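Working through the structure, step by step
So the chains spell out like this:
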Amino acid sequence: MRKAAALRQPLGAAAPDETYNWGDVVSKFIIKRLIISVFILIFVAFIIYLLMRCLPTSYLEQVARSKSMQPGSKSFEEWMAQLSATYGMDKDIFSGFIGWCGNAIRGDFGDSWKWTVPVVEKFHDSVWISFIMGGIAFIFEIIIAIPLGIIAATKQYTKTDYTITIVALACFSLPTFFFASLMKLVFSVKLGWFDLGGLIGRNYEQLSAAGQFADKAAHLVMPIVTLVVISIGSLMRFTRTNMLEVLNADYIRTARAKGLSENKVIYHHAFRNTLITLVTILGGSLPGLFAGALITETLYSIPGIGYVSYQSMVAGDIPFSMFYLVFLAVLTLLGNLISDILYAVVDPRVRIS
Amino acid sequence: MSDQNQNQNTQNTDNQFSLNDDRRVRTLSPGALVLRRFIRNRVAVTGLVILAFMFIFSFLGGAITPYSEDQLFYKYTEQNKQYAVVKENTEYRYSSLTPKSFPSVAQAKFVLARKNNQETFESKGTNYTIREEGEEFYAIYTGKGKVQTLAAFATFDIVSSMEADAEVPFMMQYEILKAVTNHESGFTYEDQEYTIDGDMVLEEGREIAYASRYVVQPLMSDVFLSKSFKNELIEVVEEGGKEFTFTDEDGTTAEYSITYDAANLSYQVLQTTQTQVFDTYSYPSSEHWLGTDRNGMDMLTRLMYGGRVSLYIGFIVVIIESLIGVVLGGISGYFGGWVDNLIMRIVDIFYCIPSMPIIIILGAAMDALRMDPQVRMIYLMLILGFLGWPSIARLVRGQILSLREQEFMTATEATGIRSSRRIFRHLIPNVIPQLIVTMTMSLGSTIITEATLSFLGLGVKFPFASWGNIINDVNNTFVLTNYWFIWIPAGVCLVATVLAFNLVGDGLRDAFDPKMKR
């Protein structure tokens, strides 16, 4: 009888008479992680700054020179002076870095060389389209990958499993640029359904508000499909591996022995336990939605943060590149933090240790 | 199996030292078990076959193919070059004794005078007298009364010398035109007798000059148009022909096409010549099985060498990352304490460094510095390796941490085995299965990263081929649309190789896992 009671809550491995104050423990844990993250961020920013400083000066001069060649531009000396002022190139590395940090904390990342507007302004212009694109792709990814992963795990070593596993691996092995080129060939060139690239069509200005929305949506179809297909594989495999691990656990055997229907065993007992890791991973990848898809956006010329920063990086726009790199580092740390917290929140077993 | 066991049993009974049943279990070594499990996995074996094919294709293919990596191919094409222009003269053309003796103002006055049928006109204080010397041939004299000198003449016909670069003297031109327009049979110039045949001037039977109403001018600076060429050309033009073939004195035949240019009221003559050009984007043929690329290089050969580069880079990068990862992860896991803490924080930091953007920035910087492609390739490998080790370090550390606590390690400690032997003989071999799986998988992802960079033009550069930079050509929409053989084969090779690495990695993972039951 006791055994049955324990089985009814597969998650309830924690003994009920523990005297921890959960909220306290979790907030302490979060604070500790936050402090570590800040330290890591400082180091990462320092390494990135070091890298920017170590770029051969002739390169910086070349960039500044080509910038000064543009009609109506500042003079070469002014560009170099601006660079030195923003990045403390005239100072030694440490004080230069501290100066840069000071500006960065105040939200001043300098003016972008390529876009000739403040870095933060360009960032605001481009990040939202990336977020929308990434968000939609993320939802589709979850809808497709998780059920397939579970099906593959429950039907291990059947034809279905093999098919799903191979499809997952194939998606995982597809280089983005090749898949995008194939998509363009089939859907843009041969079928003519979508434009080759860009976010808006050529008669965008003449369209009504609804038409403009539809136009943008149509331009986002291929990038989103690409993103989904490219990223679906790893999530599918991850779900399958986790589900298999859970299915091999003792409590599943017990649940089966108890005579529960297979549906109940899988969707009530097993799936809930798989959710622990899934939620952690998916939660951790939420901040990444703001990072933009560097390659996909570039291939489809979607003016999101990924494409904008690609252009900046290739053009040697140091203020923007520096900002983007630090921004990515922040997102990674945030993702790790979220997944750690979620892990603690979702899985009671973690809280004890 | 039972036969084997009995066999083993009889052997065992012969061997007096072996009485234990567990001896029988050792008929298959752990390695053989892994191998057996791997071979039973059909998908993984397929992956292995694909990999074997790719290796043979890339490494032996380069030796078998008759072409070299950057061998250029040429072809002959017919190109239409602007050769000459033919114009029928409908305006007076002036020849003057000296450039100053009949300036353009005087020319304009002459035209006015002709319209009004005046005999004389005046320009800038000089008086000119017009005398009609032949059909549409006017001589213009300056000076008054009897001391008149020939200043210029105006006509529709033009006198050209038979020799290149030679000019017919002014007075001789005058004599020729006078004779031609009056249909005379000859004239005397500087005590020399000349005869005229049609519009051809003969000096003792030799053709020296001719007069013609058509102006045929070469459009290329180094071309001299012979009289016979001009004559034939003019004949064709007068008949309204479009095609024209001419064989010159050396016996070379060239084809010309004639188009009428209404804007200039002239006929454009285009010479059709055979020109040697790069054999770019030629379709697959028996010579080039996959056609040629934008530089006129054999696609199949490029594909082989590209595979070689991609695989080389993949292997070297993975070896670099594993070396750093195993050493740092091993130290971290084995020693623990503050060393572990320090190394793990370094791993955390490296985890946060966004590798793709950094490689793009460095690639752009190397572009700007015009770095040598070979050096660049080495840098690319070092950068990729140096940014990729943290995940391997984490894996090795985790493995060693858990292994360290297991009973067999306690046993090695209890038996007093020295610590270097404990690490290399007992700890590392237990990490290797996981390591091999991770390395195989990361070979695939490294190849994708390299290909992506090369695709963006920031990885492997031109004289070297790489699957990525072969597909790079697809950025040209015309190639994307029309030349599938340029980019599809490279993409298929890439996907097949990466997929094969992943399949083999997956199969190895399953094979190494003793819990796996089939």
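Digging into unusual backbone geometry
All names here are of chain A. Its identity as a non-glycine residue notwithstanding, Tyr-157 has a phi of 65°, on the positive side. Relative to the assigned elements, Tyr-157 resides in the loop between helix H6 (119–154) and helix H7 (159–173). The class of Tyr-157 is partly exposed, set by a relative accessible area of 28%.

Looking at a negative patch on the surface
Residue and element names in this part refer to chain B. A contiguous patch of negative charge on the surface is contributed by Glu-88, Glu-232, Glu-235, Glu-238 and Glu-239. With respect to the helices and strands, Glu-239 occurs in helix H7 (residues 227–239). Residue classification places Glu-239 among the exposed positions, given a relative accessible area of 65%.

A closer look at empty space enclosed by the protein
Residue and element names in this part refer to chain A. In the structure shown here, the tally under the stated rule is two cavities of 30 Å³ or more. Of the pockets and cavities examined, the largest cavity occupies roughly 50 Å³. If you tally residues by element for the lining of the largest cavity, the top one is helix H9 (residues 209–247), at four residues. Of the residues in the lining of the largest cavity, the class split is six nonpolar, three polar and one charged. Taken as a whole, the second largest cavity spans an internal volume of roughly 30 Å³.

Section: the sheet that holds strand S5 (residues 137–142) of chain B
Residue and element names in this part refer to chain B. Spatial ordering of the open sheet is given by S2-S6-S5-S4-S3, a layout of five strands whose pairing is antiparallel. Only two strands of the sheet have a single partner each, and these edge strands are strand S2 (93–96) and strand S3 (120–123). Strand-to-strand, the axes of this sheet are offset by a mean angle of 30°, without reference to chain direction. As paired strands, strand S4 (residues 126–134) and S5 are joined by six bridges and run antiparallel to one another. Residue Thr-129 lies in a different strand from S5, and its bridge partner there is Tyr-141. Packing against the sheet, helix H5 (residues 104–115) makes contact with S2, S3, S4, S5 and strand S6 (149–155), and its axis sits at approximately 150° to S3.

What counts, and at which threshold
- Residues numbered from 1 in each chain as written.
- Chains lettered and ligands numbered in written order.
- Predicted model: local features only at pLDDT ≥ 70, side-chain atom pairs only at ≥ 80, totals over all residues.
- Heavy atoms only, no water.
- Helix = DSSP H or I, 4+ residues; strand = E, 2+ residues; numbered from the N terminus.
- Buried < 20%, exposed > 50% of the residue type's maximum accessible area, 1.4 Å probe, protein only.
- Patch = residues over 30% accessible without salt bridge, like charges linked within 9 Å, V, L, I, M, F, W, Y side chains within 5 Å.
- Areas by Shrake-Rupley, 256 points an atom, 1.4 Å probe, with all protein chains shown as cover.
- Salt bridge = Lys/Arg side-chain N within 4 Å of Asp/Glu carboxyl O.
- Lys, Arg positive; Asp, Glu negative; His and termini not counted.
- Charge placed at Lys NZ, Arg CZ, Asp CG, Glu CD.
- 1 Å grid on protein atoms, 1.4 Å probe; cavity = no way out; pocket = protein on both sides within 12 Å on 5 of 7 lines; lining within 4 Å.
- Points joined across faces, edges and corners; volume = space filled by probe spheres on them.
- Nonpolar A, V, L, I, M, F, W, Y, C, P; charged D, E, K, R; others polar.
- Pairing = 2+ DSSP bridges.
- Axes fitted to C-alpha atoms, helices over the stretch in contact; angles between N-to-C directions.
- Contact = heavy atoms within 4.5 Å.

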